[in-house]
Number of protein chains: 2
Amino acid sequence: MPRGELEALLACQKEEFEKFKRAGLNLDMSRGIPGRGQLDLSQEMMGILTTTADCMGADGKDYRSYGMPDGTPEAKAMFAEITGAPEQNIVICGNSSLNVMFDTVAHNMLLGVSKDICPWSKQGKIKFLCPSPGYDRHFAICETLGIEMITIPMTPDGPDMDAVEDAVRDPLVKGIWCVPKYSNPEGITYSDATVRRFAALCPAADDFRIFWDNAYIVHDLYDEGDDLTDIFAECEKTGRSDMVYMFVSTSKISFPGAGIAAVISSPANTAYIKSVMAMQTICHDKLNQLRHAKFFDSREKIILHMKKHAALLRPKFEAVCDAFERELSGTGIAEWTAPHGGYFISLDVYDGCAKRVFSLMGELGVKLTPAGATFPYGRDPRDRNLRIAPTYPPTGELATAVDALCVCVKIACIEKILLG
Amino acid sequence: MPRGELEALLACQKEEFEKFKRAGLNLDMSRGIPGRGQLDLSQEMMGILTTTADCMGADGKDYRSYGMPDGTPEAKAMFAEITGAPEQNIVICGNSSLNVMFDTVAHNMLLGVSKDICPWSKQGKIKFLCPSPGYDRHFAICETLGIEMITIPMTPDGPDMDAVEDAVRDPLVKGIWCVPKYSNPEGITYSDATVRRFAALCPAADDFRIFWDNAYIVHDLYDEGDDLTDIFAECEKTGRSDMVYMFVSTSKISFPGAGIAAVISSPANTAYIKSVMAMQTICHDKLNQLRHAKFFDSREKIILHMKKHAALLRPKFEAVCDAFERELSGTGIAEWTAPHGGYFISLDVYDGCAKRVFSLMGELGVKLTPAGATFPYGRDPRDRNLRIAPTYPPTGELATAVDALCVCVKIACIEKILLG
């Protein structure tokens, strides 16, 4: 496009920008927060335990009291339905899978991945692989605990496995963060080949662990969801089941602040996790476990429930993708994903423009996830990735915000091009 | 007593023992677990959040969703009523104060007690002071995390402060475990002088911390409860507020498995704890916080509620102490405490007899806390202390069990005396 045309286009977009500014938006699209209508879907659960009799679990055990540090049989059965994992490999925790991940890394730092192995913190400056763009809170755990992060590029099939296989030759590489289904933020589901290559990994470090954050395991937007190969089944074949921790939660099934989280692993890892947990706490909240298990008492009920979530989420995802298609398609200044599930849409803009887009949106009153957050240390080497979280705002406001976003993308990119 | 009389007494007690054996007891007195009647006192709380509107907190905030990692204003107000601490110094956590204590030690190991100080794990083999007899789970945290434990004798006024003041001259001494009110297991409340000496401690280590586990802060058995001097008020005077973490929970106010815990500290410590917690989790369960705050909405209501607990617990404590008085008083083979609150009675038997008593009780089908558990590494140097947990069994069964206990104490001690 000739320079004059670009300048005209920029002026035109700036007028649009001023219009949005006058309209005075006030929206938060920074985090993957379910909308209020989604929370109402589980409201019935709140009244499910009322009487003393309601609070009794298997064998008449009083769930108001102490005991069962690794969780109730009912909650294990629920997560077995969700994940397909055997109940004896499931450890039920508190309300937050992030907390379980933080604790798992922290305990491995202090105590090692098993009883007879040297703690990570005593092995020098250890490293984690961080497929990126990825989840900022994973990276924050590493940064907090002083673990060096190595960026691994993402591909449409998941992390670049050549890079992963190469990196794990370093014995100081102790872990990798994965969101294998509907990845945060791209919504990519790892291919069968990727999962198999993970299960077949031969890291130099015996105490290398895959942090398989299956946050969106049943979070399909459409009847036909993506299929994720079962990594534990693959690990059975390769004999490397101890290499994987899977994390799941009901945060985006029931209530983000009051759900149930679990960690699933091999029998050896599970026994070890239980032994540490027994020192850390007497038990987690079994009443909330029972509330969930009574409400989600079959796989069918869970799937039906997730379809109700999907019905509320689909229009929001489609509003974003439709606007991108209409405004940005063919311009060469943006690429995006159209996920079949999860909580995010990833938008790549012209190199060097993401921070500017973030800041322009801030001027309009729309809070996006900070540019750079999807990379280790908050540094996107190409300054191009933006994570769009469409789930929280009502669809109408969201549509306005995305129109504004397209304007900001155009302004930032045209300015950049004009500057050369 | 002449040898012949002792032998006759022993034979007589062994007959009693056989009678109990034939009766076939099956009781657990090993842990401080509230009885079922106590749990029923809070049952109404279970139905307190039902509708969507019920789940909204201050400023109409939706407590089903993410946010407020350090807790809700309502829960902070509740713990302010319980503790007298200012709300801004209170951080609300999950359901278990033990978990908060474990995490506090673990985070100090990994990250240090504040931003600019060396992590405990990088300072060599650090040490904790363990007033004993004490709480076995405190000691288990140290043992798990490889912290050396130093036994500090208990006195009727609390820990032997001469020994504490002497021990903290070692810069590797980084902490001390305290249950300052109705201590576990002796039920001792630290004297005013003891609390003042704690507040005036000048440890060699800047990063020395007092772990003030105020588990029984409102857990009086009688209308006139013991008074515990406010350590934070004393620390204000000495300028050493950063030296203290206070831990509290509703585990023995509402539900042991489904309560709310909190940590209270100085403004600087609180800010640091919040900053670490924000990396560890997005939030704790705010719905359970709201449930508690709605049910316990004033200090009066909490005190009234604790009087109901006391009415259920007093007969149990008195059944134990009455039996001890009747059977063991004046024998010279046992000493015990008669606490005004808390969850335990401490029984000291003739030196070298506690393990034998534990094992004899096991033969009768009564599970006591293992002998030795009240000391670091499970090693009671005089093998004499037994922790009696009278709260869980119904009063009738408890009375039988204590009669059996007195018989076992006599058998063990007479045997020991006869053996010389």
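Only a predicted model underlies this, so the values are computations on that prediction, with no experimental measurement involved.

Criteria and thresholds
- Residues numbered from 1 in each chain as written.
- Chains lettered and ligands numbered in written order.
- Predicted model: local features only at pLDDT ≥ 70, side-chain atom pairs only at ≥ 80, totals over all residues.
- Helix = DSSP H or I, 4+ residues; strand = E, 2+ residues; numbered from the N terminus.
- Rg over C-alpha atoms; globule rule 2.2 N^0.38 Å.
- Buried ≥ 20, exposed ≤ 12 C-beta atoms within 10 Å, placed from the backbone.
- Contact = placed C-beta atoms within 7 Å.
- Expected span 1.5 Å × (residues − 1).
- Nonpolar A, V, L, I, M, F, W, Y, C, P; charged D, E, K, R; others polar.
- Axes fitted to C-alpha atoms, helices over the stretch in contact; angles between N-to-C directions.
- Parallel < 35°, antiparallel > 145°, perpendicular 65-115°, else oblique.
- Left-handed = near helix turned anticlockwise from the far one by under 90°.
- Pairing = 2+ DSSP bridges.
- Core = buried A, V, L, I, M, F, W, Y, C linked by C-beta atoms within 7 Å.
- Least-squares fit on C-alpha atoms with pLDDT ≥ 70 in both.
- Domains from an automatic or database assignment.
- pLDDT = per-residue confidence, 0-100.
- Bend = angle between axes of the 7 residues up to and from the residue.

**What to know about the overall build of chain A**
- Check the secondary structure of chain A and you find 13 helices and 13 strands.
- By the compact-globule yardstick of 22 Å for 420 residues, chain A fits well, its C-alpha radius of gyration being 23 Å.
- Principal-axis analysis of the C-alpha atoms places the extent of chain A at approximately 75 × 55 × 35 Å.
- Across the 420 residues in chain A, those meeting the buried criterion constitute 55%.
- Across chain A, the fraction of contacts at a sequence separation of at least 24, relative to all contacts at a separation of at least 6, is 77%.

**Here we look at helix α13 (residues 395–419) of chain A**
- The first and last C-alpha atoms of α13 of chain A sit 36 Å apart over 25 residues, in line with the 36 Å expected at 1.5 Å per residue.
- The first or second residue beyond α13 of chain A is Gly 420 of chain A, which carries a positive phi of 80°.

**A look at the interface of chain A and chain B**
- With 45 residues of chain A at the interface, the matching set in chain B holds 45 residues.
- Of all the secondary-structure elements, those providing two or more residues to the side of chain A that touches chain B are α2 (36–40), α4 (97–111), α5 (136–144), α9 (267–280) and α10 (286–295) of chain A.
- Taken together, the residues that form the side of chain A that touches chain B break down as 22 nonpolar, 16 polar and seven charged.

**Concerning the packing of helix α3 (residues 73–83) of chain A against α10 of chain A**
Residue and element names in this part refer to chain A.
- Running from amino to carboxyl end, α3 crosses α10 at an angle of 50°, the nearest separation of the two axes being 8 Å. Considering the angle they form, α3 stands oblique to α10. The hand of the α3/α10 crossing is left-handed. Contacts between α3 and α10 involve Glu 74, Ala 75, Ala 77 and Met 78 from the first element and Gln 289, Leu 290, His 292 and Ala 293 from the second.
- Of the residues belonging to the contact of α3 with α10, the class tally is five nonpolar, two polar and one charged.

**Re the pairing of strand β9 (residues 261–264) of chain A**
Residues and elements named next belong to chain A.
- Because side chains alternate across β9, one face comprises the buried residues Ala 261 and Val 263, and the other comprises Ala 262 and Ile 264, equally buried.
- Where strand β8 (residues 244–249) meets β9, four bridges bridge the pair, whose relative direction is antiparallel. By the bridge assignment, Met 246 is partnered in β9 with Ile 264.

**Things to note about the nonpolar core**
- Core analysis: the biggest nonpolar cluster contains 259 residues, and Ala 262, Val 349 and Val 357 of chain A together with Ala 262, Val 349 and Val 357 of chain B have the highest contact counts within it.
- Examining the composition of this core, we find that 13 residues originate from one element, helix α13 (residues 395–419) of chain B, more than from any other.
- Setting aside its immediate chain neighbours within four residues, Val 357 of chain A contacts Val 349, Ala 371, Leu 386, Cys 408, Val 409 and Ala 412 of chain A.

**Observations regarding the pairing of strand β13 (residues 385–388) of chain B**
Residues and elements named next belong to chain B.
- Alternating residues of β13 divide into Asn 385 and Arg 387 and Leu 386 and Ile 388, and every residue in both groups is buried.
- Relative to β13, strand β11 (residues 345–349) runs antiparallel, the two sharing four bridges. When the sheet's bridge partners are listed, Leu 347 is paired in β13 with Leu 386.

**Quick word on the relation of the copies chain A and chain B**
- Least-squares fitting of chain A to chain B yields an RMSD of 0.0 Å, with the transformation described by 0.0 Å of translation along the axis and a rotation of 180°. Overall, the copies show the geometry of a two-fold rotation axis. By C-alpha distance to the rotation axis, the residue of chain A lying nearest is Gly 47 of chain A, at 3.1 Å.
- The fraction of interface residues of chain A whose copies in chain B are also interface residues reaches 100%, indicating that both copies meet through the same surface.

**Brief notes about the sheet that holds strand β6 (residues 173–178) of chain B**
Residues and elements named next belong to chain B.
- Strands sit in the order β2-β9-β8-β7-β6-β3-β4-β5 across an open sheet of eight strands; the sheet is mixed. The outermost strands of the open sheet, each flanked by one partner alone, are β2 (90–92) and β5 (158–159).
- Relative to β6, strand β3 (residues 127–132) is paired through three bridges, and the arrangement is parallel. By the bridge assignment for β6, Leu 129 is matched with Ile 176.

**Considering the domain arrangement of chain A**
All names here are of chain A.
- Under the domain assignment used here, chain A contains domain 1 (3–30 + 303–419) and domain 2 (49–297).
- In this assembly, 23 residues from domain 1 lie in contact with 25 residues from domain 2.
- Listing elements by their share of the side of domain 1 that touches domain 2, those giving two or more residues are α11 (299–328), β11 (345–349) and β13 (385–388).
- Ranked by residue count, the leading element in the side of domain 1 that touches domain 2 is α11, at seven residues.
- Looking at side-chain class alone, the side of domain 1 that touches domain 2 contains 13 nonpolar, eight polar and two charged residues.

**Looking at the packing of helix α1 (residues 3–23) of chain B against α13 of chain B**
All names here are of chain B.
- It is at 9 Å that the axes of α1 and α13 come closest, and there the two elements cross at 145°. By crossing handedness, the relation of α1 to α13 is classed as left-handed. In contact with Leu 6, Glu 7, Leu 9, Leu 10, Gln 13, Lys 14, Glu 16, Phe 17 and Phe 20 of α1, α13 contributes Ala 404, Val 407, Lys 410, Ile 411, Ile 414, Glu 415, Ile 417 and Leu 418.

**What to know about the sheet that holds β11 of chain A**
All names here are of chain A.
- The strand order across the open sheet formed by three strands is β10-β11-β13, and the pairing between neighbours is antiparallel. Because the sheet does not close on itself, it has two edges, and the strands there are β10 (334–336) and β13. Along the sheet, successive strands turn relative to each other by an average axial angle of 20°, direction set aside.
- Sheet analysis places β10 next to β11, joined by three bridges and oriented antiparallel. By the bridge assignment, Glu 335 is partnered in β11 with Asp 348.
- Lying over the sheet, helix α12 (residues 354–363) contacts β11 and β13, oriented at roughly 40° with respect to β13.

**Some points on the confidence of the model for chain A**
- Summing up the model confidence of chain A, the mean pLDDT is 97 and the portion of residues at 70 or higher is 100%.
- Both scores are available for the predicted complex, with the pTM at 0.97 and the ipTM at 0.96.

**Side note on the environment of Asn 184 of chain B**
Residue and element names in this part refer to chain B.
- With respect to the helices and strands, the residue Asn 184 is situated in the loop between β6 and α7 (192–199).
- Measuring from C-alpha to C-alpha, the distance between Asn 184 and Tyr 343 comes to 7.4 Å, with 159 residues separating the pair along the chain.
- Contacts of Asn 184, omitting those with residues within four sequence positions, involve Gly 134, Tyr 135, Val 179, Gly 342, Tyr 343 and Phe 344.

**Points about the environment of Tyr 216 of chain B**
Residues and elements named next belong to chain B.
- By the secondary structure assignment, Tyr 216 is in the loop between β7 (209–213) and α8 (231–238).
- Between the C-alpha atom of Tyr 216 and that of Tyr 343, which follows or precedes it by 127 residues, the distance is 8.1 Å.
- Sequence-distant contacts of Tyr 216, defined by excluding residues within four places in its chain, comprise Lys 181, Tyr 182, Gly 341, Gly 342 and Tyr 343.

**Digging into unusual backbone geometry**
- With omega at 5°, the peptide bond leading from Ser 132 of chain A into Pro 133 of chain A counts as cis.
- Following the sequence through the fold, Pro 133 of chain A ends up in the loop between β3 (127–132) and α5.
- With a phi close to 50°, Tyr 182 of chain A is a non-glycine residue in the positive phi region.
- Position of Tyr 182 of chain A among the secondary structure elements: in the loop between β6 (173–178) and α7 (192–199).
- Positive phi outside glycine occurs at Met 68 of chain B, with the angle close to 60°.
- Here Met 68 of chain B is to be found in the loop between α2 (36–40) and α3 (73–83).

**Considering α11 of chain A**
Residues and elements named next belong to chain A.
- For α11, spanning 30 residues, the distance from its first C-alpha to its last is 40 Å, which sits close to the expected 44 Å at 1.5 Å a residue.
- Along α11, the sharpest change in direction is near 35° and occurs at Leu 313; proline Pro 315 comes one to four residues later.
- Every buried residue belonging to α11 is among Met 306, His 309, Leu 313, Lys 316, Phe 317, Ala 319, Val 320, Phe 324 and Leu 328, and all of these are buried.
- The inward-facing, buried residues of α11 abut α2, β10, β11, β13 and α13.
- At the C-terminal side of α11, Gly 330 shows a positive phi close to 80°.

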